[in-house]
Amino acid sequence: MPNNHVFNSFHNPVFTHSTNTYTDPGIVSPPENGASRAGSLFSITGSASALVVLSLISAVITLKVTNPGGSGKTVYVSRIGISIGGSSLLSALSGSASFQKGGTLSSPTTLTPTNNNFNSSAVSVMTAQSSTAAPTGGTTFNAVQLAPGGLTQEYTGSIIVPPGNSITVSVTSSSSSVGLTITSSANISWWEA
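Now for a look at the structure at hand. (Residues numbered from 1 in each chain as written. Predicted model: local features only at pLDDT ≥ 70, side-chain atom pairs only at ≥ 80, totals over all residues. Heavy atoms only, no water.)

### Structural notes on the overall build of the protein
A count of helical and extended segments in the protein gives one helix and 11 strands. Taking all 193 residues of the protein together, 38% fall into the buried category. Intrachain contacts of the protein at a sequence separation of at least 6 include 85% that bridge at least 24 residues. (Helix = DSSP H or I, 4+ residues; strand = E, 2+ residues; numbered from the N terminus. Buried < 20%, exposed > 50% of the residue type's maximum accessible area, 1.4 Å probe, protein only. Contact = heavy atoms within 4.5 Å.)

### Quick word on the sheet that holds strand S3 (residues 75-86)
Overall, antiparallel pairing links the five strands, which are arranged S6-S1-S11-S3-S9 in an open sheet. Strands with a single pairing partner mark the edges of an open sheet, and in this sheet they are strand S6 (114-115) and strand S9 (149-161). By the bridge criterion, 11 bridges tie S3 to strand S11 (residues 181-192) in an arrangement that is antiparallel. Its bridge partner being in S11, Ile-82 is matched across the sheet by Ala-186. (Pairing = 2+ DSSP bridges.)

### What about the sheet that holds strand S7 (residues 127-131)?
Pairing is antiparallel across the open sheet formed by six strands, whose spatial order is S5-S7-S2-S10-S4-S8. The sheet is open, and its two edges are formed by strand S5 (109-111) and strand S8 (139-146), each paired on a single side. Taking each pair of neighbouring strands and ignoring which way they run, the sheet shows an average axis angle of 20°. Here three bridges tie S5 to S7, and the two strands are oriented antiparallel to one another. Bridge pairing in S7 links Thr-110 to Gln-129. (Axes fitted to C-alpha atoms, helices over the stretch in contact; angles between N-to-C directions.)

### Looking at the pattern of salt bridges
The full count for this structure, using the stated rule, is one salt bridge. Its salt-bridge partner being Glu-154, residue Arg-79 comes within 3.2 Å of it at the nearest N-O pair. One end of the pair, Arg-79, is in strand S3; the other, Glu-154, is in strand S9, with 75 residues separating them in the sequence. Accessibility expressed as a relative area gives 28% for Arg-79, which makes it partly exposed. (Salt bridge = Lys/Arg side-chain N within 4 Å of Asp/Glu carboxyl O.)

### Observations regarding the side chain of Thr-168
Relative to the elements of secondary structure, Thr-168 occurs in strand S10 (residues 165-175). For Thr-168, a relative accessible area of 1% gives the class buried. Within the structure, the side chain of Thr-168 is placed 2.6 Å from the backbone oxygen of Gly-102, a separation counted as a polar contact. With sequence-adjacent residues up to four places away left out, Thr-168 is seen in contact with Thr-62, Leu-63, Lys-64, Ser-98, Phe-99, Gln-100, Gly-102, Gly-103, Leu-105 and Pro-135. (Polar contact = N/O pair within 3.5 Å; in protein donor to acceptor, adjacent residues only side chain to side chain.)

### Considerations on the pairing of S3
In this sheet, S9 lies alongside S3 in antiparallel orientation, the contact comprising nine bridges. Directly across from Ile-84, in S9, lies its bridge partner Gly-149.

Now the structure itself:
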């Protein structure tokens, strides 16, 4: 049996074709950059506020993006931003957020998704809604306890919403400090392909 080298050696490489064509310097960008340049990166934002007058009160904002059946598009969630805040005594403020597949909104308001490429006239085929009540039904896939301030969950397309499905984000802030104005905010960004 000949004494052949199993691995590449400096003088006798096993592979002679380059499999990685990377050249220095390289430029790497997330998929959202290409989606934005193509005019297919969209976002919606909502917030709700409440003034604590006598006792414990909550401010709820719920956002829902629905990919209609037969749309021919798939939604790739880029990021979800959530926050709670108040006018003073922030230590008396607490909150939570839930991210769901599906869910039903009560008394929804229709939102118009914003194209993140301000030079593009493309419009989203998705249905977007907001509500100032928590959703019912649906399947929770992430839940977060919130302190005052903001939190951004980067998904970079790893949440995929095919036609006939929806994603719902709900943020609740609560306080019992009389005179405190509390606010809940949420944002969903996605691209369509």
